[in-house]
Amino acid sequence: MHKPLHALTSLATRHRWLPVLWLCALLGASPASAVQTLAASYESEPGVRLAATLELPAATPGKRWPAVVLAVGAGKWGRGWYVALRSRLHAAGVATLSYDKRGFGESTGAFDESLPLVSRDIAAGVNFLRSRADIDGQRIALLGHSQGAAGLPLAAATVGGIAGIVMLQAPIGARGEVFGDGMQKSLTQSGMPADTARPIVAATLAWLEARTQRLPAPEIDRLREAAITAFVAAGMPPEGARGTVQSLDNTMVLSMYDAPLAQDLIRSGSPVLAVYGGTDTVVSAEVCAPMATRALNQHPNALVLVVPGMNHGMQRLDPVPAPKAGELLEDTMPPRMVEAVAHWLSERLR
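Residues numbered from 1 in each chain as written. Predicted model: local features only at pLDDT ≥ 70, side-chain atom pairs only at ≥ 80, totals over all residues. Heavy atoms only, no water.

1. What about the nonpolar core?
Next, step 1: One finds Val-69, Ile-122, Leu-129, Leu-142, Ile-172 and Tyr-276 to be the most contacted residues of the largest nonpolar core, which totals 52 residues.
Next, step 2: In terms of residue count, the dominant contributor to this core is helix H3 (residues 115-130) (eight residues).
Next, step 3: Those residues in contact with Leu-142 that sit more than four places away from it in its chain are Val-68, Val-69, Ile-122, Val-126, Leu-152, Ala-155, Ala-156, Ile-162, Gly-164, Ile-165 and Val-166.
Next, step 4: In terms of nonpolar packing, the next biggest core, distinct from the first, is built from 27 residues, Val-166, Leu-273, Leu-303 and Trp-344 among them. (Core = buried A, V, L, I, M, F, W, Y, C linked by side-chain atoms within 4.5 Å. Buried < 20%, exposed > 50% of the residue type's maximum accessible area, 1.4 Å probe, protein only. Helix = DSSP H or I, 4+ residues; strand = E, 2+ residues; numbered from the N terminus. Contact = heavy atoms within 4.5 Å.)

Pasting the structure below:
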């Protein structure tokens, strides 16, 4: 007999890397209710208009709904994700807001995935919801996947009063820690000895620190060459080493290195649910789940979970077959994960 899910959510303050038995309580889905689908648009900074879809559970005059702002991962994506989860939330009486990324779909501006801008766009969604008479501005939660999830902490800390934050397969740690630990793990998983990888990581972090702190150009150049030299010393051809370091020199990577995700989550004061996939090769649960647990140790209401067999696309590929080209990832998202996340959100949006 499965332990009720609501009883297990009380373990959030223990900050432990919990087994996925927490997800084994399958809730009975509520009957689907009529959903109002509204086209919307709102301003974000600097001078960007985001095209969005607001879905309300039902046409009820005078009703003020709780709501969830949904953010997607890296890449040129728009609305339409989280199909099963949106349906489950609507059945539970929760509105959802999804939007086209800036510079994509019907949204204006230049496409830019640096975390400060990702966070601004999420915050703009919260401000839009709070401007509406049919949304309860005190009952708004945030949910994101991967890079979209990484934008949630700063957004929550900026707007304040967020009822809950769900981070799906996104690293959580102190500034610089996420990048360094992830790089060390990636290099060792590729077969590189740990002692060989450490100088590469140290040299790369020193260069990234110089870039984000905007040190004088000669110092940045010197540290970039040192990072390239470290890769070459480990056996990489010079051109390959230079290309590898160059691939890290972009606004998205630099903003990920510079983001104090754990500090922003703690500063927000919002409850946090962090979920990792046991077979994720992009955001390793082996590295990120313990890191998130340590980083959130001082958080009063944080829960870290690992879903065995789930990859970075939120898919269980065994025994579920791989999705066909163009198929939405959430079509194979584990149903019990959908139920668990929806339940966690519903509890905090009461």
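Having put the structure on the table, let's press on.
2. Considerations on empty space enclosed by the protein
Next, step 1: Summed over the entire model, instances satisfying the criterion amount to one cavity of 30 Å³ or more.
Next, step 2: When its volume is computed, the largest cavity comes out at roughly 170 Å³.
Next, step 3: Forming the boundary of the largest cavity are 18 residues, of which Ala-71, Val-72, Tyr-99, Lys-101 and Val-118 lie nearest the centre.
Next, step 4: Elements that contribute at least two residues to the lining of the largest cavity include exactly strand S4 (65-71), strand S5 (95-99), H3 and helix H4 (147-150). (1 Å grid on protein atoms, 1.4 Å probe; cavity = no way out; pocket = protein on both sides within 12 Å on 5 of 7 lines; lining within 4 Å. Points joined across faces, edges and corners; volume = space filled by probe spheres on them.)

3. Considerations on the pattern of salt bridges
Next, step 1: Under the defined criterion, the tally for this structure stands at 23 salt bridges.
Next, step 2: Lys-185 is the partner of Glu-286 in a salt bridge, and the nearest nitrogen-oxygen pair spans 3.0 Å. Of this pair, Glu-286 sits in helix H12 (residues 285-295) while Lys-185 is found in helix H6 (residues 177-189), placing the two residues 101 residues apart along the sequence.
Next, step 3: Notably, a salt bridge pairs Arg-224 with Asp-221, separated by 2.8 Å at the nearest N-O pair. Of this pair, Arg-224 and Asp-221 are both found in helix H8 (residues 217-233), three residues apart, which corresponds to roughly one turn of the helix. (Salt bridge = Lys/Arg side-chain N within 4 Å of Asp/Glu carboxyl O.)

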